[in-house]
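Working through the structure, step by step
These are the residues of each chain, in order.
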Amino acid sequence: MAIAYAHESTADQRRANRTRAVEGRTVLCRVRRCDGPGKAGRWESFKVPVEPGMNVIACLKHIAQNPVTVDGNTTTPVVYDAGCLEEVCGACTMLINGMARQSCSCLIDEYAPLEGDTITLEPMTKFPVIRDLWVDRARLFQSLTRVKAWVPIDGTYALGAGPKESPEVQQDRYDMSECMSCGCCLEACPQFTIEPDEASWDTSFIGAHAISQARLFNGHATGKELKNDRLDELMNPGGVSECGNAQNCVKVCPKGVPLTESIATIGRQVTIRSFTRFFSGK
Amino acid sequence: MSQERVIIVGGGLAGLAAAVRIAEDGVPVDLFSMVPVKRSHSVCAQGGINACNEVARQQGYSEYQHFDETLYGGDYLADQNPVLEMTNWAPKIIDLLDRMGVPFNRTPEQNRDLRLFGGSLFKRTHFAGATTGQQLLYALDEQTRRFEAEGRITKHEFWEFLWPVTVGEGEDKRCVGITAQDMRTMQIRSFRGGAVVMATGGCGLIFGKSTNSVICTGGAASRCYQDGAWYANGEMIQVHPTAIPGADKLRLMSESARGEGGRVWVPRKKGDTRKATDIPEPERLYFLEEKYPDYGNLVPRDIASREIFDICVNQGMGVSGQNQVYLDLSHMDPDYLTRKLGGILEIYEKFVGDDPRHTPMRIFPGVHYSMGGMWTTYTPGSYEPRARHGVHNPGDAAPVDTEVGRGMELGAHNNMMTNISGLYAFGEVNFAFHGATRLGANALLSCIFDGLFSGVSVANYVRDGAPKSDPTSELDQGVFDRVTAQEQSKMERLLASGVGDSDPTDPTHNPYAIGHELGVEMTAASTVVKTGPRLEQCLTKLDELTERYQGVRLSDGSMWTNQTLSYARAVGDMLILARVIAQGGLLRKESRGSHYRTDYPDRDDPNFMKTTIGRFNPDGTCSIEFKPVRADLVEARARTYGGSSKSKKSEPRQETVATS
């Protein structure tokens, strides 16, 4: 089997790459750089010696300490967003060989197993670039406010336990609650487009992650008190009906959140809600 | 007069719990964070959160015993009153999180499920899959977003705390705001606040590679310390026994892997080259189970770390001759493992490539948590210890019937306030709860407890304390401009340090190289095993690094989103905090909890049942003083966990905890 480099590479192919990784090799890290909003982008390449188990973050750390390009030009360390490095915070998402994923869990052995192989790093395209690989994902969090993604509790005083729930319901909610707001589903979605103007966020397509959060809270005994508010928002422009059913979101979600199931469920809830609203007027 | 606001620095569990509690009280909150708060380091906590519960209670457990375990685990270095109040509150905190919608794992009868955790013989750990910290953080993030939507909390994300703004000197010193920098535009400005809550977490990056997130530099705590806040028990650094070694960081393998039945072993035969699965049961050395028959694999973290370190470094019995041992779950039902531990097993598979359901994991200890932190005080509550309850044995009924009394007075202005009036410290950056070692699944508890309980104190202080008679909104602007200017010139000095006129890869003045060497040195000298001579050597190395840092050169002179500047500035603060950690370790001539000195292998209560208090001197040095622990509720007893004597006669050898 040939080494798979393309962004369509499967998990199996990447695992196979890992078994064939050459020890002591040097790879080429090709990075899309940009000095700030409105500035022109450029490519810079760096030679990086690879240790076993090394990930993209370790490459970027190496470059920070040795900011010299393959052409021998001194440059600045690459700017990127990062946090936990365990794939639970969502911060270090970027395009790696053209595909959105977390850079912490991206092992060089899987993407560039042979001497001289190239690995390409670019910022996500659906959010405005702040600098280099760091993008502004404020809109992603704003969409959580749009769907009121919270349980309306009475306050923090001691008022006893919450509602009971079955292990099945807990498991379903947990699966949705693992969403770390990384933005992979938005990057892959044909209907979600970059929207630098904050004024239009409220009416632009909200994306799979927020629809799934609406389902998460609609499925909680207290959270469902705001169900109608959430469904009304998702009936508006930018709501669930703008999903084009490409199903890319669920394929790229690093946490396996059942995004298409959520879109289908919310679609049904919205239909019922629109009938109720039509006939009852509230 | 405009209404006094509260500033909270840090949006992890402690910061968010405080924000929600204070905003609920009607006091407006400004919340500062270097990252969107949903990405705070609390997401990394895996195992769970401890609290007495009905099942455990009916088996003889109580809040009081949770209190007792926490003290015993922490080797009696914590003041006892705050710990009592925290454990009293624990069940209420679980209920509140439950109401917020945290998907706690459930039993078939829909009750909250429980698991066993280190340092207890009772099941008292509540959990949400293997990402409990993430789930708790999200619940608080959601409540914060709700208040933000209502205009009661204002978030300042991607703002870095640079310095506290204070007025007065000595005991009259008071915090009236902060200076911070927008990490994108690089704008520096000051903000007024009637009170400032530091909830900035730990300092793992001082040790280079740790289980901490990349933001956990300890820089914020160091800046407060340099402005006069005391730093306490700095030498108490928890090294988690089971971390996955990695090139960029050490990834945690939760204690819950052992709680659910994971067994730690090495081949009995030194240098055995067979695959783990080919080594039959009798030829495996389950060294924790053999030495500690009661607690087995669930001894507290410092003991487990030391035993693993001893097996690998001193006895040379590590797997494949390397610094690693097996953590084995492969004897258990794979479906059960997926259900209970899915998240953490996936992490291992993702980063290492083996499936822990079928192949034993390879792990080694890694720096994980700082018990030490900013010094704080409190007002003791109504609890009156009775002589006959001085010794509490596991399974004993709680004293004074079921009424255990209050450890601290709710709402007193000074609860978890530092020595600077109006400056509070909550969560990991607060030294108060865990003594010399933290028990697993107590961190999430202490963070949320700080926010909810002492958040009341902050609100009361802002309404009725110093800000009432002397509001910060009426202070002279010059007070704030002075600190803004100080930070502005610090930044300009760093930026003008010679960008481009020298070899950027020369490590002498490279901030990343200095940071790396600091980590290697601190890990080698000041973690699992310490000695006086090695710590002295470490202080000399810190002198050298500090001198090199004076000439630090940045390879980025940009005035837009300059991460190199932020990191280089933090390295200077890390060097200063590292000195407190190493010097405290040198002067604490005993072994206690996670602080283990081979030259002083025993606990020494008469001399060292005392809090280490570090004070900053203007010349950059640190003065250390030992202050007696307030310990009149429970009598200190030997911390053995049923094993043989803790003193070990082994050659003092120095090795890095995990190669950096």
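Residues numbered from 1 in each chain as written. Chains lettered and ligands numbered in written order. Predicted model: local features only at pLDDT ≥ 70, side-chain atom pairs only at ≥ 80, totals over all residues. Heavy atoms only, no water.

1. Section: the overall build of chain B
Threshold: A helix here means a DSSP run of H or I that spans at least four residues, while a strand means a run of E at least two residues long, and both kinds are numbered starting from the N terminus. Throughout, radius of gyration means the C-alpha value; the globule benchmark is 2.2 Å times the number of residues raised to the power 0.38. Any residue under 20% of the maximum accessible area for its type is buried, any over 50% is exposed, and the rest in between are partly exposed; the area is computed with a 1.4 Å probe on protein chains only. Residues count as neighbours in contact if any of their non-hydrogen atoms are within 4.5 Å of one another. All accessibility values rest on the Shrake-Rupley procedure with a 1.4 Å probe; residue burial counts only the protein chains present in the view. Charge counting treats Lys and Arg as positive and Asp and Glu as negative, with His and both chain ends excluded. Positions of charges follow a simple convention, taking NZ of Lys, CZ of Arg, CG of Asp or CD of Glu.
A count of helical and extended segments in chain B gives 17 helices and 21 strands. Whereas a compact globule of 660 residues would reach a radius of gyration of roughly 26 Å, chain B reaches 24 Å, a difference of no more than 12%. Its C-alpha atoms give chain B principal-axis dimensions of about 75 × 65 × 50 Å. For chain B, the proportion of its 660 residues judged to be buried stands at 68%. Residue pairs in contact within chain B that sit at least 24 positions apart in sequence constitute 75% of those at least 6 positions apart. For chain B, the accessible area works out to roughly 20,800 Å², and carbon and sulfur atoms hold 49% of it. Looking at charge distribution, chain B has the averaged site of its 72 positive side-chain charges lying 2 Å from that of its 83 negative ones.

2. Some thoughts on the overall build of chain A
Of the regular secondary structure elements, chain A holds ten helices and seven strands. For chain A, with 282 residues in total, the buried portion stands at 56%. Residue pairs in contact within chain A that sit at least 24 positions apart in sequence constitute 67% of those at least 6 positions apart. Split by element, the accessible area of chain A, about 11,400 Å² in all, is 52% carbon and sulfur. Placing the 31 positive and 34 negative side-chain charges of chain A at their respective mean positions leaves the two points 3 Å apart.

3. A few points about helix α10 (residues 259-280) of chain A
All names here are of chain A. Rule in force here: By this rule, a helix spans an expected 1.5 Å times one less than how many residues it contains. Each C-beta atom gives one direction from the helix axis, and the arc is the one those directions make.
Between its terminal C-alpha atoms α10 stretches 31 Å, which fits the 32 Å expected from 22 residues at 1.5 Å a residue. Three or more residues of α10 are buried, namely Leu259, Ser262, Ile263, Thr265, Ile266, Gln269, Val270 and Arg273. Taken around the axis of α10, the buried residues stretch over an arc of 160°, which confines them to a single face. The exposed set on the far side of α10, more than 90 degrees from its buried face, consists of Arg268, Ile272, Phe275, Phe278 and Phe279. In the core, the buried residues of α10 are packed alongside α5 (167-177), α6 (184-188), α7 (208-218), α8 (227-235) and α9 (248-252).

4. Considerations on the sheet that holds strand β10 (residues 195-198) of chain B
All names here are of chain B. Stated formally: Two strands qualify as a pair provided that DSSP identifies no fewer than 2 bridges between them. Simply put, an axis is a line fit to the C-alpha atoms, just over the touching stretch for a helix, and the angle between two N-to-C directions goes from 0 to 180 degrees.
Read across the open sheet, the five strands follow the order β6-β2-β1-β10-β19; overall the sheet is parallel. Edge positions in the open sheet fall to β6 (153-157) and β19 (423-425), since each of these has one partner strand only. On average, each strand axis in the sheet is tilted by 20° relative to the strand beside it, whichever way the strands run. Two strands pair when backbone bridges link them, and strand β1 (residues 6-9) and β10 are joined in this way by four bridges, in the parallel orientation. Each residue of the ladder has a partner; that of Val6, found in β10, is Ala195. Strands in contact with helix α5 (residues 132-149) are β2 (29-33) and β6; relative to β6, the strand with the most contacts, it is inclined by about 115°.

5. Let's talk about the domain arrangement of chain A
Frequently, the measure chosen for interface size is the accessible area removed from exposure when the parts meet. All names here are of chain A. In plain terms, the rule: Each domain's extent is set by a domain assignment, obtained either automatically or from a database. Here's the idea: put two parts together, see how much 1.4 Å probe accessible area each one loses, and the total over both is what we call buried area. For the purposes of these results, a polar contact is taken to be a pair of N or O atoms within 3.5 Å, where, inside protein, one atom must be able to donate a hydrogen and its partner to accept one; residues adjacent in sequence count only when each atom of the pair is a side-chain atom.
You can read the domains of chain A as domain 1 (11-134) and domain 2 (137-280). Each of domain 1 and domain 2 was reduced to a C-alpha centroid, and the two centroids are 31 Å apart. Between domain 1 and domain 2, the residue contacts involve 16 residues of the former and 14 residues of the latter. Carbon and sulfur atoms make up 58% of the area that domain 1 and domain 2 hide from each other, which totals about 1,400 Å². Broken down residue by residue, the surface that domain 1 buries against domain 2 is led by Glu87, Lys126 and Phe127, which jointly contribute 46%. At the junction of domain 1 with domain 2, the criterion picks out nine residue pairs in polar contact (both at pLDDT 80 or more). Those elements giving two or more residues to the side of domain 1 that touches domain 2 turn out to be β3 (93-96) and β4 (99-102).

6. Remarks on the sheet that holds strand β3 (residues 49-50) of chain B
Residue and element names in this part refer to chain B. As summarised here, the arrangement of the three strands in space is β3-β5-β4, forming an open sheet in which the pairing is antiparallel. Edge positions in the sheet fall to β3 and β4 (114-115), since each of these pairs with one other strand and no more. Pairing of β4 with strand β5 (residues 125-126) involves two bridges; the strand directions are antiparallel. By the bridge assignment, Leu114 is partnered in β5 with His126.

7. Structural notes on the side chain of Ser212 of chain A
Relative to the helices and strands, Ser212 of chain A is located in helix α7. Residues within four places of Ser212 of chain A in sequence aside, it is in contact with Met176, Val257, Leu259 and Ser262 of chain A.

8. So, the pairing of strand β14 (residues 263-267) of chain B
Residue and element names in this part refer to chain B. Most of β14 is tucked away: four of the five residues are buried. Judged from the three bridges that link them, β14 and strand β16 (residues 325-328) form a sheet pairing that is antiparallel. For Val264, the partnering residue across the bridge sits in β16 and is Leu327. Direction of pairing for β14 relative to strand β15 (residues 284-285): antiparallel, over a ladder of two bridges. Bridging from a neighbouring strand, Pro267 pairs with Arg284 of β15.

9. A short note on the pattern of salt bridges
For clarity, the cut-off: Criterion for a salt bridge: a side-chain nitrogen of Lys or Arg within 4 Å of a carboxyl oxygen of Asp or Glu.
Tallying each qualifying case throughout the model produces 71 salt bridges over all chains. The closest approach of N and O atoms between Arg137 of chain A and Asp81 of chain A, which form a salt bridge, is 3.3 Å. Residue Arg137 of chain A is located in the loop between β7 (134-135) and α4 (138-146), and its partner Asp81 of chain A is located in the loop between α2 (56-65) and β3; the two are separated by 56 residues in the primary sequence. With respect to burial, Arg137 of chain A and Asp81 of chain A carry one shared label: buried. Here Asp302 of chain B and Arg639 of chain B are joined by a salt bridge, their closest N and O atoms 2.6 Å apart. A residue pair is termed long-range when its members are at least 10 positions apart, and Asp302 of chain B in helix α9 (residues 301-314) and Arg639 of chain B in the segment after β21 (622-628) qualify at 337 residues. Looking at Arg639 of chain B, the relative accessible area reads 5%, which means it is buried.

10. A closer look at the nonpolar core
What counts, and what does not: Side-chain atoms within 4.5 Å link the members of a nonpolar core, which is a set of buried Ala, Val, Leu, Ile, Met, Phe, Trp, Tyr and Cys residues.
Ranked by size, the top nonpolar core spans 113 residues in total, and within it Met198 and Met374 of chain B carry the most contacts. The biggest single contributor to this core is helix α16 (residues 563-587) of chain B, with 13 residues. Residue contributions to this core reach at least three from each of two domains, namely domain 1 (241-366) and domain 2 (480-606) of chain B. Other than its neighbours up to four places away in sequence, Met198 of chain B contacts Val9, Phe161, Ala220, Cys224, Met374, Leu423, Tyr424, Ala425, Phe426 and Val429 of chain B. Counting residues in each nonpolar core, the second largest holds 109 residues, with Tyr174 and Val252 of chain A together with Tyr138 and Ala232 of chain B among its members.

11. Notes on the packing of α8 of chain A against α10 of chain A
Residues and elements named next belong to chain A. Heads up, the rule is: Here roughly perpendicular refers to angles of 65 to 115 degrees, roughly parallel to angles under 35, roughly antiparallel to angles over 145, and oblique to all remaining angles. Side-chain classes follow a simple rule in which Ala, Val, Leu, Ile, Met, Phe, Trp, Tyr, Cys and Pro form the nonpolar group, Asp, Glu, Lys and Arg form the charged group, and the remainder, Gly included, forms the polar group.
Contact geometry for α8 and α10: axes closest at 9 Å, N-to-C directions at 100°. Taken as axis vectors, α8 and α10 run roughly perpendicular relative to one another. Between α8, through Lys227, Asn228, Leu231, Asp232, Leu234 and Met235, and α10, the contact on the second element is made entirely by Ile266, Gln269, Val270, Arg273, Ser274 and Arg277. Classifying every residue of the contact of α8 with α10 by side-chain character gives five nonpolar, three polar and four charged.

12. Some words on the state of the cysteines
Residue and element names in this part refer to chain A. What counts here: Whenever a pair of cysteine sulfur atoms sits within 2.5 Å, that pair is classed as a disulfide.
Applying the stated criterion across every chain yields a total of zero disulfides over all chains. No disulfide involves Cys104; its nearest neighbouring cysteine sulfur is the one of Cys92, lying 3.8 Å away. Overall, Cys104 belongs to the buried group, its relative accessible area being 0%. Here Cys189 stays free of any disulfide, with the sulfur of Cys243 as its closest cysteine sulfur at 6.8 Å.

13. Looking at the layout of surface pockets
Counted only if it meets this: Residues are called lining when one of their atoms sits within 4 Å of a cavity or pocket point, these points coming from a 1 Å grid over the protein atoms alone, where a cavity is a set in which a 1.4 Å probe fits but cannot get out and a pocket is an open set with protein on both sides within 12 Å along at least five of seven lines. Grid points are joined across faces, edges and corners, and a volume is the space filled by probe spheres set on the points.
Estimated volume of the second largest pocket: approximately 670 Å³. If you go around the second largest pocket, you meet 24 residues; those closest to its centre are Ala11, Arg14, Arg101 and Glu110 of chain A together with Lys350 of chain B. Contributions of two or more residues to the lining of the second largest pocket are made by α1 (11-19), β4, α3 (108-111), α6 and α9 of chain A together with α10 (334-352) of chain B. In the lining of the second largest pocket, the residues fall into nine nonpolar, five polar and ten charged.

14. A look at the interface of chain A and chain B
Counting from both sides, the interface comprises 74 residues of chain A and, opposite them, 71 residues of chain B. Between chain A and chain B the total buried area reaches about 6,100 Å² when both faces are included, carbon and sulfur atoms providing 54% of it. Our count for the chain A to chain B interface comes out at three salt bridges. At the junction of chain A with chain B, the criterion picks out 32 residue pairs in polar contact (both at pLDDT 80 or more). Contributing elements (two or more residues each) for the side of chain A that touches chain B: α2, β6 (129-131), α4 and α5 of chain A. Residues that form the side of chain A that touches chain B fall into these classes: 40 nonpolar, 20 polar and 14 charged.

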